[in-house]
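# Structural overview
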Amino acid sequence: MQGLEVRGLSKRFGGLTVSENIDFDLPPGARKALIGPNGAGKSTFANLVTGILRPSSGEIRFDGSDIGGLDEPRRVKLGIAKTFQITTLFRKLTVRENLRLPILEREKRGYSMFARAGSSPETEAEVADLLEQFELTAFADRPVGLLAYGQQRLVEMAMTLALRPRVLILDEPAAGVPSSETHLIVNAIERLPKDLAVLIIEHDMDLVFRVARSIVVLVAGRILTEGTPAQISADPKVRELYLGKSHG
Amino acid sequence: MKSWLTPFLVLALAGAAFLLFPYNLAFLTRILIMILLVLSLDLVLGFAGIATLGQAAMYGTGAYAAGLFAVHASGNPLAGLLVGAFAGAALALVSGLLLMRTRGLTLIMLTIAVASLCLEAANQLRGLTGGADGLRGIRMQPVLGLFPFDFAGQTGYWYALSVTVLVFAGLAVLTRSAFGLSLRGIHESPARMAAIGVSVYWRQVAAYTIGGGIAGIAGALAAQITQLVSLESYSFTISAEALIMLILGGAGRLYGAVIGTVIFMVVHHVAAANDPFNWLFVIGALVLFVVFLVPNGLVSLPLAVTRLWKGARHARA
Ligand SMILES: Nc1ncnc2c1ncn2[C@@H]1O[C@H](COP(=O)(O)OP(=O)(O)O)[C@@H](O)[C@H]1O
Ligand SMILES: [Mg+2]
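On a predicted model such as this, the values are computed, not experimentally measured, just so you know.

Residues and elements named next belong to chain A. Position of Lys194 among the secondary structure elements: in the loop between helix H6 (182–190) and strand E8 (197–201). A residue is classified by how much of its surface remains accessible, and Lys194, at 64% relative accessible area, is exposed. For the pair formed by Lys194 and Thr87, sequence separation is 107 residues and the distance between their alpha carbons is 26 Å. Apart from the residues within four sequence positions on either side, Lys194 is in contact with Gly29 and Arg31.

For any two helices packed against each other, the geometry comes down to the angle between their axes and how far apart the axes lie. All names here are of chain B. Contact geometry for helix H2 (residues 25–47) and helix H11 (residues 236–249): axes closest at 9 Å, N-to-C directions at 75°. In terms of orientation, H2 lies roughly perpendicular with respect to H11. Touching Met34, Leu37, Val38, Leu41, Asp42, Leu45 and Gly46 of H2 are Ile238, Ala242, Leu243, Met245 and Leu246, all from H11. Here the contact of H2 with H11 is built from residues that sort into 10 nonpolar, 1 polar and 1 charged.

A word on the UniProt feature "transmembrane region" (unreviewed entry) in chain B. All names here are of chain B. If you check UniProt for "transmembrane region" (unreviewed entry), the listed places come out as residues 6–25, 32–58, 78–100, 107–125, 157–179, 200–223, 243–267 and 279–299 in our numbering. Counted over residues 157–179, helix gives 96% and strand 0%. Its end C-alpha atoms are 32 Å apart. Split by type, residues 200–223 is 100% helix and 0% strand. Its first and last C-alpha atoms lie 34 Å apart.

What follows concerns the pattern of salt bridges. Summed over the entire model, instances satisfying the criterion amount to 16 salt bridges over all chains. A:Asp141 serves as the salt-bridge partner of A:Arg96, at 2.9 Å between the closest nitrogen and oxygen. With A:Arg96 in helix H3 (residues 95–106) and A:Asp141 in the loop between helix H4 (121–133) and helix H5 (149–161), this residue pair connects regions lying 45 residues apart in the sequence. You can call A:Asp141 exposed: its relative accessible area is 53%. The partner of B:Arg184 in a salt bridge is A:Glu97, and the shortest N-O contact between them spans 3.4 Å. You can see B:Arg184 sitting in helix H8 (residues 178–188) and its partner A:Glu97 sitting in helix H3, one on each of two chains. You can call B:Arg184 partly exposed: its relative accessible area is 28%. Taken together, the shared-partner salt bridges in this structure form one network comprising A:Arg106, A:Glu107, A:Arg109, A:Glu126 and A:Arg164.

Attention shifts here to the site of ligand 1. Residues and elements named next belong to chain A. Residues in close proximity to ligand 1 include Phe13, Val18, Pro37, Asn38, Gly39, Ala40, Gly41, Lys42, Ser43 and Thr44, which together make up its full environment. Separating an oxygen atom of ligand 1 from a side-chain N or O atom of Ser43 is a distance of 2.9 Å. Between ligand 1 and Thr44, the relevant distance is 2.6 Å, taken from an oxygen atom to a side-chain nitrogen or oxygen of the residue. The greatest single-element share of the shell around ligand 1, amounting to 3 residues, is contributed by helix H1 (residues 42–50). Across the shell around ligand 1, the residue classes break down as 4 nonpolar, 5 polar and 1 charged.

With that out of the way, let us pick up the confidence of the model for chain B. Per-residue pLDDT for chain B has a mean of 92; in total, 98% of the residues score no lower than 70. Scoring of the predicted complex yields 0.92 for pTM and 0.91 for ipTM.

Turning next to empty space enclosed by the protein. Residue and element names in this part refer to chain A. One pass over the structure, following the stated rule, counts 1 cavity of 30 Å³ or more. Here the largest cavity is characterised by a volume of approximately 30 Å³. The set of elements that each furnish at least two residues to the lining of the largest cavity consists of strand E3 (31–35) and E8. Considered class by class, the residues forming the lining of the largest cavity number 5 nonpolar, no polar and 2 charged.

This part is about the interface of chain B and chain A. Bring the parts together and some accessible area is lost; that lost area is often taken as the interface size. Taken together, the 25 residues of chain B in the interface contact 31 residues of chain A. Carbon and sulfur atoms supply 64% of the area buried between chain B and chain A, which totals about 2400 Å² over both sides. Three residues stand out in chain B for area buried against chain A, namely B:Leu181, B:Arg192 and B:Ile196, and they jointly supply 29% of the buried area on that side. Where chain B touches chain A, the interface holds 3 salt bridges. Joining chain B to chain A, the criterion identifies 13 residue pairs in polar contact (both at pLDDT 80 or more). A total of 7 residues in the side of chain B that touches chain A trace back to one element, the largest contributor, which is H8(B). For the side of chain B that touches chain A, the class distribution of residues is 14 nonpolar, 6 polar and 5 charged.

Procedures and definitions
- Residues numbered from 1 in each chain as written.
- Chains lettered and ligands numbered in written order.
- Predicted model: local features only at pLDDT ≥ 70, side-chain atom pairs only at ≥ 80, totals over all residues.
- Heavy atoms only, no water.
- Helix = DSSP H or I, 4+ residues; strand = E, 2+ residues; numbered from the N terminus.
- Buried < 20%, exposed > 50% of the residue type's maximum accessible area, 1.4 Å probe, protein only.
- Contact = heavy atoms within 4.5 Å.
- Axes fitted to C-alpha atoms, helices over the stretch in contact; angles between N-to-C directions.
- Parallel < 35°, antiparallel > 145°, perpendicular 65-115°, else oblique.
- Nonpolar A, V, L, I, M, F, W, Y, C, P; charged D, E, K, R; others polar.
- UniProt positions renumbered as here; feature names shortened; annotations may be inferred.
- Salt bridge = Lys/Arg side-chain N within 4 Å of Asp/Glu carboxyl O.
- Near = heavy atom within 4 Å.
- Polar contact = N/O pair within 3.5 Å; in protein donor to acceptor, adjacent residues only side chain to side chain.
- pLDDT = per-residue confidence, 0-100.
- 1 Å grid on protein atoms, 1.4 Å probe; cavity = no way out; pocket = protein on both sides within 12 Å on 5 of 7 lines; lining within 4 Å.
- Points joined across faces, edges and corners; volume = space filled by probe spheres on them.
- Buried area = accessible area lost by both parts, 1.4 Å probe.

Now the structure itself:
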C-alpha cells in the first residue's frame, strides 16, 4: 500500500502506557486530524512515526516497507516530516538561513564545502517564496529568536514545508499563533500538493474542521473513534470526552 | 566595512610585527601556530558545538607524525605538513566515531582521555618518540626548495604566517558554505537538524575530522620550526589554553580565534616577564571581564562599545 500504515503500535515509558495498540493509515492525499485531551499521547504518536521515539511494539510501514528500524534522518529523507509542538528553530540564525538549511539538505548539498550557502539562485528563490507565503519577508534577515512567538510558529511550518515531504505531520501548528495570523496556516495547508498525506494535531476546532476530511480521536493512548468531521462532532462519546470540555 | 579591509589590516599588522620585533620572531611564530590550533578548536567547538578539552591529541599527533616523517623519510616541509594534517585527521576520525556518540560532560571527559592516552603512548614508545627527552634530529629542507630555515627564525615566521593565512582562508570558505551553515545549525539545535534529515553524528564526525587535520597542521608546523617534539604537545594545558583563547576572542567567529590567541599570548608573555608567579591573575581577570561584560568575545567588543555609546546618548537625550 502507498503511504503510511501503522499496526499495533504501543509505547510505554516505564510503567506508563502512552500509546496502546494503535492502528492507523495515512494514504497519499489524506487530510486527517488527530485530536484528544492534553496528555492523550498525540505528540508521542507523531514522534513514533517520525522516529524520534522507538515503539515498545508494533509496526510502521511506508509505501509497503517496514521503516521501524530507520532513524529519524532516514525517515525524513524518505519524505516523512513533522513540525514540533514546542518551537525548535536555529534561534541565532536568521529566518532566511533557517529556511535555507532544509532546502540545502533536501537537495543533498549538506556536505558542499566550497560554494557559499546562499549562492544558489534556485534555493534563494524558493526561500523568498516561503518568506512571502508566510508574510515573513520583512523579517528575513533577523535572528529567528528575536521574532514574536507567533511568527516563530510560522517559520516552524515553513521550514518543514521546505523539505517537500510526502507525509506531513503538524503538531499543534496554530498553538501560540495570534488569530489574526492563523489564516496563514490554513492557507498553507490548503495550498499543499494534493497527493501529500497530512496529519494535523490541533486543539483549535475551527482549524480542524476547515482542513480535515477525517478525524481520529485519541484518549489515554488509545484510538477512541475515527470518522468524518460531521460524525465526530455528532458522536456523544467524543462530545463528552473532549469537545464537551472545550466547547462548553 | 569593506570585506577586504579586515584581512588587509590583519596582514599589515603581521608584517609590522615582523619589522618591529625582529628579536621575538620565535614568539611571534608560536602565536601563529597557536592561532592555527585555536582555529581548529573554533571549527569544532565554536561552529559545530562539539565540547572538547582534548584538541591537543590531534596537535601532538600531527607534531609527532611530521617529526618522525622528517627524521625517517624526508625533510620536505610541505610533505611533512600533509603528513601532520593526515595524522591529525585520522586520529580525529577514529576517536570521533566513538566521541560523537556522547554529549556534554561525558564527551569532555572522553576528549581529555584520548589526549592522555596519546601522551602515555608517546611516553611508552621511547624508542620511536624519544619519550620524555623529546623527538630530536629533525632536519628540514628549505621551504619550496628556496627558503632555508634560518637561525633568526625569519623563514619560520613567513612559513607559519603563509600556512595560517591559507588555513584561515580555507576556513572562511568552509564556514560560509552549506556545510558550515549546517554546523551552526547543529550548534543551535541538533533536534531540528535531525528533523530536516541530517545525521548529526556523521556531520559532527566530519567537522571533528577536519578540525583534527588543522590541529595536526599546527602540530606539524611546531615540529618543523622548533625541530623538536616533546610530550608537552599532548598536554592538557595546551587544550585548556586553546579553549581560554577561543572564549576570550569569541567562539564561532574566525577572527575571534585570532584576536583571543594574540591577546592571551601577549598578555602571558608580558605579564610573565614582569611577574613570573602571578601572571595567571591577569589572564583570570581578563577572562572574567570577557565572560561577564562581552560574552561574545573580544571580537565583538567594538560592536558592544558602539551599542553602549548609542545607548548612553539615547538615555541623555
Ligand atoms: N519522554 C517521556 N518520558 C516519560 N513520559 C512521557 C515522555 N513523553 C511524554 N510522556 C508522557 O506521555 C503522555 C502523553 O504525552 P504527549 O504525547 O505529549 O501528549 P499530547 O501530545 O497528547 O498532549 C503524558 O502523560 C506525558 O507526560
Ligand atoms: Mg502534544
